[in-house]
Amino acid sequence: MMRRIAFAGLAAVLFASPGPISPVWAQEVTLKAVSAFAEGTQFARNFERFIEKVNAGGKGLIKINYIGGPRAVPPFEVGNAVRTKVVDLANVTGAFYTNLMPEADAFKLMAKPTGKYRQDGSWEYINQLHNQKLNAWFLARQFNNVPFHIYLTKKIDKIDLTGLKIRVTPIYKDVVEAYGGTPITTAPGEVYTALERGVVDGYGWPVLGIFDLGWDKVTKFRLEPAFYAADVNILINLDAWKGLSDAQRKLLTDTAIWIETADADNLPVIAAERDRQAKAGIQALDFGPDASKAFLKRAGDVGWASVIKRAPEAGAKLRKLAGN
Ligand code: 173
């Protein structure tokens, strides 16, 4: 009897182990991951590349178990899911966790190439904020070249959103209000229906990605200029991070930096996307360089004012790091 139990126990260990018995097999850790953006779409794709690369290079070390997009965890709850370790790893924009970290609204106003923000103290401070407010470690900011636009179903003849209802997240709320529009907050998954039913007359979204969920079919105009810069971040729960070995952390950090630098590839992609929008019948509404300049100045002013109002100290520090 004793021997059978002992044998069963040994067999369980042997068959449950992912590979041959070696000093490393026992250390393989599984990390549960979610994305705030739908699987396979523009702002999930680089995260998915990150996962593939970690899994390919991490045999016996780390396995990321990708449980999926917003059907798994609603976008505005992803930050809290990381904080409470409902998930270990997440792909999410700061705009979706401003409830926990009002300062996160500043990331749209900070865009520096990887080589710079990792060296000038920006990454350290942003990481510190995530440690404190989100119980998370800041692995990567995946984009800094991808700006936003306001898209419309109705034509306007100057930059004025009076009388228009615009779908927003914290990214666009202050700008929409500054130009007289009525902001309506929704997750990305609700944008199509809101447009189709006329609940909104337009929406904020980056220059990339409107084809993913079919919004081109219900979009007529793209307001110029592009403004701010999208931040989509890879976060890992801080307890999960602390539980990793140096080799596991190195693999995640190296892969994070690799995916950050991949953002340089987006410049030609952005140019192609504007053409694709034009071919889909989406007309750019450009009111000239003076109007654009005034818009960008105002977008920056209202953006920073709003961050600094909600988080005076951190907001001021982030603005200094941003250098704008
Ligand atoms: O949902 C959004 O419009 C949003 O805030 C966002 C942020 C970064 C990338 C894509 C969308």
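Conventions used here
- Each residue is numbered by its place in its chain's sequence as written, counting from 1.
- pLDDT decides what is reported in this predicted model: residues at 70 or higher carry local features, side-chain atom pairs at 80 or more are listed and counted, and totals for whole chains, interfaces and linings draw on all residues regardless.
- Excluded from the side-chain calculations are hydrogens and water; all other atoms, namely the structure's heavy atoms, are used.
- The helix count covers DSSP runs of H or I at least four residues long, the strand count covers runs of E at least two residues long, and both are numbered beginning at the N terminus.
- It is over C-alpha atoms that the radius of gyration is taken, and the globule rule equals 2.2 Å times the number of residues to the power 0.38.
- Buried residues are those whose accessible area, probed at 1.4 Å on protein chains only, stays under 20% of the maximum for their type, while exposed residues exceed 50% and partly exposed ones sit between those limits.
- In what follows, residue pairs with any heavy atoms lying within 4.5 Å of each other are defined as contacts.
- Residue exposure ignores everything except the shown protein chains as possible cover, and the areas themselves are Shrake-Rupley values with a 1.4 Å probe.
- We score Asp and Glu as negative and Lys and Arg as positive, and we do not count His or the chain ends.
- To locate a charge, the coordinates of NZ of Lys, CZ of Arg, CG of Asp or CD of Glu are taken.
- Think of it this way: one heavy atom of a residue within 4 Å of a molecule or strand is enough to make that residue near it.
- Here a polar contact is taken to be a pair of N or O atoms separated by no more than 3.5 Å, where protein atoms must pair a possible hydrogen donor with a possible acceptor and residues adjacent in sequence count only if both atoms sit in side chains.
- Strand pairing is assigned whenever DSSP identifies at least 2 bridges connecting the two strands.
- Every angle, taken between N-to-C directions, lies between 0 and 180 degrees, and every axis is a line fitted to C-alpha atoms, over only the stretch in contact when it is a helix.
- For salt bridges, the criterion is a side-chain nitrogen of Lys or Arg within 4 Å of an Asp or Glu carboxyl oxygen.

### A word on the overall build of the protein chain
Part 1 of the reasoning: Along the protein chain, the regular secondary structure elements total twelve helices and eleven strands.
Part 2 of the reasoning: Relative to the globule expectation of 20 Å for 324 residues, the C-alpha radius of gyration of the protein chain, 22 Å, shows essentially globular dimensions.
Part 3 of the reasoning: If one aligns the C-alpha atoms of the protein chain with their principal axes, the spans along those axes are about 85 × 40 × 30 Å.
Part 4 of the reasoning: Within the protein chain, buried positions represent 52% of all 324 residues.
Part 5 of the reasoning: At a minimum sequence separation of 6, the contacts of the protein chain that also span at least 24 residues come to 77%.
Part 6 of the reasoning: Only carbon and sulfur atoms are counted for the fraction: they give 57% of the accessible area of the protein chain, which is about 14,800 Å².
Part 7 of the reasoning: In the protein chain, which carries 41 positive and 33 negative side-chain charges, the distance between the mean positions of the two groups comes to 3 Å.

### Remarks on the site of the ligand
Part 1 of the reasoning: Taken together, 15 residues sit near the ligand, with R167, T169, I171, Y172 and W205 positioned nearest.
Part 2 of the reasoning: The contact in question runs from an oxygen atom of the ligand to an N or O atom on the side chain of Y172, over 2.5 Å.
Part 3 of the reasoning: Bound to the protein, the ligand loses 100% of the 300 Å² it would expose on its own.
Part 4 of the reasoning: Put simply, the parts of the chain that give the shell around the ligand at least two residues each are α6 (170–178) and β8 (202–206).
Part 5 of the reasoning: By residue number, the principal contributor to the shell around the ligand is β8, which donates three residues.

### Here's the deal with the sheet that holds strand β4 (residues 136–141)
Part 1 of the reasoning: Taking strand neighbours across the sheet as the criterion, the five strands line up as β2-β1-β3-β10-β4 in an open arrangement whose pairing is mixed. Of all the strands in the sheet, the pair left with one neighbour each is β2 (62–68) and β4. Strand-to-strand twist in this sheet, taken as the mean axis angle between neighbours without regard to direction, amounts to 25°.
Part 2 of the reasoning: Bridge count for strand β1 (residues 29–35) against β2 is six bridges, and the pairing is parallel. The residue bridging V29 from the neighbouring strand is I62, located in β2.
Part 3 of the reasoning: Most of the contacts of helix α2 (residues 42–57) go to β2, to which it runs at about 150°, and overall it touches β1, β2, β3 (89–92), β4 and β10 (233–237).
Part 4 of the reasoning: Sitting on the sheet, helix α9 (residues 246–261) is in contact with β1, β2, β4 and β10, with an inclination near 35° to β4.

### Points about unusual backbone geometry
Part 1 of the reasoning: A cis amide bond, omega 5°, links E224 with the succeeding residue P225.
Part 2 of the reasoning: Structurally, P225 can be placed in strand β9 (residues 221–227).
Part 3 of the reasoning: For N135, which is not glycine, the phi dihedral falls at a positive 50°.
Part 4 of the reasoning: Mapped onto the fold, N135 is located in the loop between α5 (122–134) and β4.
Part 5 of the reasoning: Look at Y228: it is not a glycine, yet its phi comes out positive at around 55°.
Part 6 of the reasoning: Tracing the chain through its elements places Y228 in the loop between β9 and β10.

### A word on the pattern of salt bridges
Part 1 of the reasoning: All told, the structure shown has 13 salt bridges when counted by the stated rule.
Part 2 of the reasoning: Here D120 and K112 are joined by a salt bridge, their closest N and O atoms 2.5 Å apart.
Part 3 of the reasoning: Residues E177 and K173 are paired through a salt bridge, measuring 3.5 Å at the closest nitrogen-oxygen approach. Taken as a pair, E177 and K173 lie in helix α6 at a separation of four residues, close to a single helical turn.

Interpretation in functional terms is not warranted from these geometric data alone.
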